[in-house]
Each structure stands twice: as structure tokens, then as C-alpha cells.
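Remarks on the overall topology
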Amino acid sequence: MASDTLTGSTRTDAEISGLDALETAGRQRGPSRVRRAWSALWPKLAALALAIAFWQVVVWTGWKDPWALPGPATVFADLGHYLVSSALWDGLATTGRRAAVGFAAAVAVGLVLGLAVARVAVLRAALGSMITALQTMPSIAWFPLAILLFQLSEQAIFFVVVLGAAPSVANGVIHGVDYVPPLLVRAGRNLGARGLHLYRYVIAPAALPAIVAGLKQGWAFAWRSLMAGELLVVIATRTSIGAQLTYARELNEAPRLMAIMIVILVVGLLVDAAFGAADKAIRRRWGVLDQAGN
Amino acid sequence: MTSTTTTPRSATGSVALRGVTKVYGQGEHAVLALDGVSLDVAPGEFVCLVGASGCGKSTLLNLVAGLDRASGGRIELGEGVNPGLMFQEPALFPWLTVEANVEVPLKLRGLPRAERRAKVADLLRTVHLAEFGRKRPHELSGGMRQRVALARTLALDTPVLLMDEPFGALDAMTRDILHDELERIWSERRLSVLFVTHNVREAARLADRIILLSSRPGRIIWSTRVDVPRPRRIDSPEIATIAAEVTDRLRTEVGRHGQ
């Protein structure tokens, strides 16, 4: 071989950079960000338009009286007034504060509980299936007990929101820790990560995708529990979104009722989208996004 | 940091195993994985362990790395030596960039930020990946990932390297190049290497000494020196001759389990 006349190191240097260039070539980026956003957005907009059209058709058939089922135009006109009213923003402030405090408490409880169950065999045997059982319990079924314990109060709502969301968060943590690849743990230990360092450098980041999935599910439960609570536990001095929904029904204000429902839906969707974005960012960093960028 | 190589190390790089035994399970179901293995790796020596399936090669490396505890016997390492361990998979942390992966052992050793940066850059140059520091592991090829893993292990600044079939999953060309790379780094840094493989040619290409292990239980049954001058080529006749001899011994050993 002629290349033997070269010194060993020059030869391999050239070979290595050549091989690296060949192996990393052809991994260019996909379509532009705007294009991808649009291709994700337009089916959603089309579906929304179809749903509104269906609603309008049902109204035109005269299936229900207009005072019970108003059409989209009436409802969106009312939504416009509602959006600039202080009732909405005061209500959102009350509801948002309850959601934030309740969800934060549920996350704290869920993280501690999940970590304890994942690490301690006795706790896992004792609580593992109970956490899943709690998750299947419809949160509205807790309210009679919560009202007995705390009367019609903030605490009753808080109690149910935490009970609704914490099991999902805990299950996310348990799954995350269970499925940390053992090879990464061995590598981490060999690199000098023991005890708490092993959690900080290996187990916590490796479990992060499952934990975020648990948080997302926990949020969905918290939001549902909160809405159920606000419908049942109406505190006269605090006009939360849920309380306004109850008033709207009592006063037969159908357009306002549906406008509030749209607000509830949008808030839930926005927070869900935030969790979805976090999840996607994590998967992109890990390189586990599929070809379509999902 | 100005120097590109660490200072030569002397006796700290030695590894000594004395009658090391490993039993998995208890009572009737106990399996003897390693049976009285004694071996020495001299400072700066490259030793390849070769054996068929079930010879406890990986068990042995885990014991030396301190990831598992021996059932009997003693393992002696130099004062304060933590051997670095490499696996068949690169085992990189997918949530970190290449740079950050290499930085992990430096952070765990508590080095200040500026020193860490300089060391990471130095190590990435050593494995020819200086321009790839900002990439994530999934953006690299298999051979490049394994080089990142090598840089990360070297960041431990340890004189002893344990390698568990590190090139087993790579294509032949990439593997040949990595042999050259490993040989260069080994001789520059005066490392002691204990390298496990089932690829006999690879062992002959790299080793100062080849040790053959029996299967179930793992025992040392034969060893030989490889006195071929370096740099070597895996396709040279001298290497082929040695590989043929090791293969014959290995086949005899495997055949013993056929009755």
C-alpha cells in the first residue's frame, strides 16, 4: 500500500475527517418553520370552521329555541363584549390563582410521592396500585366529602384539585425513574456520579420526558377538578369563571353561558399547548422527533 | 491549559486481580460466573480478554470498575485510581451536547469552569471532534459517538481504561480507524488498558498480551504475548497468524461445551 509511506497519524487524520464528513452529510433541515407551522395549523382551522358550520346548521333547523341554543353569531358577539368586561378578567384572576396554587401543590406532592414510591420497595408495594386507583376516581366524586370537611370554601376546591392532579404527576415520576436506561446509570456511576449527583446528572434528566407527560396529564385533571369545584362551590364574594357559568344558567343567559365555555376551552387548550411545546422541545433535544417533526 | 498530553504515570496504572470469584444468585440457583481469576496489567500495558459467550468478560470489567462487588478474591488498583469504563453502546447522555457530555466527569470532580472549558476543548481535539462540540449525540455517526464516549472517559484523567467490546457495533472501516486512534491515545497517555472483545483479530491488532477465558465458569485458560511491532495493520500476515492460533484455542474451548 502506497499510503504506508505516510506517517500513521497523518493518514488517520485525513481518513477520520473524510469519514466524519461522509457520515454527517445529507442530514439537512426540513422545510422552514413558517411552512411547518402552517401545515400544522390549517387542518385545525378547517376543523374549527366545520364545527361552527355544524353548530349554525343545527340552529337553523330550529331543533331548540334560540334562547336555549343561540347561534354562533350571537355567541361570538357576546364573547366580544365579555372579553372587554371586568367580569371576565376578575373571574380569570380568581380561577387562574386557584389553578396555579392547586396545580403547584399537586406537583409538589406528586414529585415527592412519586420519587419515594419509585425508590422505596415497601412504599411501591403499599402505594403503587393505590396511586393508579386514585387516578381513576372521578374528581367530582370527592366534592361531597370535601364540602363536609371544609364547607363551601376555597379549601374544599383546593383539596379536590390536589387530589385530582397529584396521582398523575406521581405516576409520571414513577414511570420516568423506572425507565431510565440502566446503561446510562452505569455510565453515570463510572463517571463519578453517586447518590444525589446521580439523580441530578442522570436520573432526573433521563426521567424528564415522562415527568413532563405526567405534568401535562395532571394539569388536565386539575383543570377539570377546578371547573367542577367552581360550579358546585360558589362563593358569593368571588366571581370565578365557574361561578359565572352557574349564574349564566340560572339567569338563562345562553349566549354568555356559551361564551364562558369557549373561554374555559381556550384556557385549557393554551396550557395544554404550553406543555406540548415543552414536550416537543425535550424530544427535539434528545433526537427522538419523527421525520414529520412530531 | 497548554499541554495536550497528561504527564506520564508510573505504578498507579497497574491492575491486579487475585483469585477473583463472582457468584450470581444463591443456593441451588447460584451461577458461578468467574472462578478464581488472577491477572496483572502492568502500567502502560494493553491487555485483551478474549472469550466466547458466558465467559464473564463483562462481569470482570464491572468488578474492576467498582460497579459490582466480587464474591471472593481481591482487586488491587493504584492509590485513588477510578478506572474509566467504556461500553459497546456509547452511553452518551442524549439531553446534553457533545461538549456537555465530556464536561460531566469534570463537573463531578469539581473543576472550575475555565479549566473545564479548556479540558473539554483539548479532549475533543484529541478525538478529532473539535468542530462537533455543539452537536447533540443523535446528530453524529456511531463511530463519532464512540469517540465522544472515549473523550468523556478520558476526562476522568484516569490511568486505567476498561473497554467492553467498544467497537463491536461499528462497521469494519470505522473500526480500523478507531483502532489506530485508540493505539495513539493509549501510547500518548501511557494508559493501562483492559479490553474485552470476542473479535480475535481485533485483539491481535491491539494487544500487548491476549488472555483467553473459558466459559461457564470464566477461568483464564491461556495467554500469549503479541510481539508484533507497532503501528500494526489488522490485515497483516503476522496479526493473521496470531489470530488463527487464538481462534483455534477458542474453538477447542467452545467445543468442550458441545458434549
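What counts and what doesn't
- Residues numbered from 1 in each chain as written.
- Chains lettered and ligands numbered in written order.
- Predicted model: local features only at pLDDT ≥ 70, side-chain atom pairs only at ≥ 80, totals over all residues.
- Helix = DSSP H or I, 4+ residues; strand = E, 2+ residues; numbered from the N terminus.
- Rg over C-alpha atoms; globule rule 2.2 N^0.38 Å.
- Buried ≥ 20, exposed ≤ 12 C-beta atoms within 10 Å, placed from the backbone.
- Contact = placed C-beta atoms within 7 Å.
- Core = buried A, V, L, I, M, F, W, Y, C linked by C-beta atoms within 7 Å.
- Domains from an automatic or database assignment.
- pLDDT = per-residue confidence, 0-100.
- Pairing = 2+ DSSP bridges.
- Axes fitted to C-alpha atoms, helices over the stretch in contact; angles between N-to-C directions.
- Parallel < 35°, antiparallel > 145°, perpendicular 65-115°, else oblique.
- Left-handed = near helix turned anticlockwise from the far one by under 90°.
- Nonpolar A, V, L, I, M, F, W, Y, C, P; charged D, E, K, R; others polar.

All right, on to the overall build of chain B then. Within chain B, the secondary structure is distributed over seven helices and nine strands. Taken over the C-alpha trace, chain B has a radius of gyration of 19 Å; the compact-globule value for 259 residues is 18 Å, and the two agree within 12%. With the C-alpha coordinates of chain B rotated into their principal frame, the extents come out at 60 × 45 × 35 Å. Buried residues in chain B amount to 46% of all 259 residues. Nonlocal contacts in chain B, meaning residues at least 24 apart in sequence, comprise 75% of its contacts between residues at least 6 apart.

It is worth spelling out the nonpolar core at this point. Counting residues in each nonpolar core, the largest one holds 122 residues, and the members touching the most others are Ala-165 and Ala-222 of chain A together with Val-47, Leu-194, Ala-204, Ile-210 and Val-246 of chain B. Mapped onto the domain boundaries, this core takes at least three residues apiece from domain 1 (1-83 + 159-259) and domain 2 (94-157) of chain B. Apart from the residues lying within four places of it in its own chain, the contact partners of Ala-165 of chain A are Phe-103, Ala-106, Gly-218, Trp-219, Phe-221 and Ala-222 of chain A. Within the second largest apolar cluster, nine residues are counted, among which are Ile-241, Leu-257, Ala-259 and Val-263 of chain A.

Below, the discussion takes up the confidence of the model for chain A. Residue and element names in this part refer to chain A. When pLDDT is averaged across chain A, the result is 88; 92% of the residues are at 70 or more. The least confident element of chain A, judged by mean pLDDT, is helix H1 (residues 8-24) at 75; the most confident is helix H8 (residues 182-190) at 95. Scored below 50 in pLDDT, residues 1-6 makes two contacts in the model with residues more than four places away or belonging to other chains.

What follows covers the pairing of strand S8 (residues 209-213) of chain B. All names here are of chain B. Judged by how many residues are buried, S8 sits mostly within the fold: four of five residues are covered. Taken together, the five bridges between S8 and strand S9 (residues 220-225) define a ladder with antiparallel strand orientation. Bridged to Ile-211 within S9 is Ser-223. Hairpin remark: S8 followed by S9, antiparallel, with six residues in the connecting loop; positive phi at Arg-216, about 40°.

Here we come to unusual backbone geometry. Of the consecutive residues Arg-230 of chain B and Pro-231 of chain B, the connecting peptide bond is found in the cis state with omega at -5°. Within the secondary structure, Pro-231 of chain B sits in the loop between S9 and helix H7 (237-256). A positive phi angle is found at Gln-151 of chain A, which is not glycine, with a value near 60°. Along the polypeptide, Gln-151 of chain A turns up in the loop between helix H6 (143-150) and helix H7 (154-178).

This part takes up the packing of helix H2 (residues 98-108) of chain B against helix H4 (residues 142-154) of chain B. All names here are of chain B. Packing of H2 against H4 leaves a shortest axis separation of 7 Å and a crossing angle of 30°. With respect to their mutual orientation, H2 and H4 come out roughly parallel. Judged by the sense of rotation from one axis to the other, the crossing of H2 with H4 is right-handed. Taken together, the residues of H4 that come into contact with H2 (itself represented by Val-98, Asn-101, Val-102, Val-104 and Pro-105) are Val-148, Ala-151 and Arg-152. Counted by class, the contact of H2 with H4 contains six nonpolar, one polar and one charged residues.

This part takes up the interface of chain B and chain A. Accessible area lost upon the coming together of the parts is a frequently used measure of interface size. With 31 residues of chain B at the contact, the number on the chain A side is 27 residues. Among the secondary structure elements, those contributing two or more residues to the side of chain B that touches chain A are strand S5 (84-86), H2, H4 and helix H5 (172-189) of chain B. Here the element with the most residues in the side of chain B that touches chain A is H5 of chain B; it accounts for five residues. When the residues that make up the side of chain B that touches chain A are grouped by side-chain class, the tally is 16 nonpolar, seven polar and eight charged.

All names here are of chain B. If you walk across this open sheet you meet the three strands as S2-S1-S4, and the pairing is antiparallel. Edge strands, defined here as strands with exactly one partner in the open sheet, are strand S2 (31-41) and strand S4 (72-77). On average, each strand axis in the sheet is tilted by 20° relative to the strand beside it, whichever way the strands run. Judged from the seven bridges that link them, strand S1 (residues 15-24) and S2 form a sheet pairing that is antiparallel. Counted as the bridge partner of Val-20 is Val-37 from S2.

A word on the domain arrangement of chain B. All names here are of chain B. The assigned domain composition of chain B is domain 1 (1-83 + 159-259) and domain 2 (94-157). Distance between the C-alpha centres of domain 1 and domain 2: 25 Å. Each side of the interface is counted separately: domain 1 has 13 residues, and domain 2 has eleven residues. Of the residues forming the side of domain 1 that touches domain 2, the biggest block, four residues, is contributed by H5. When its residues are assigned to classes, the side of domain 1 that touches domain 2 shows eight nonpolar, four polar and one charged.

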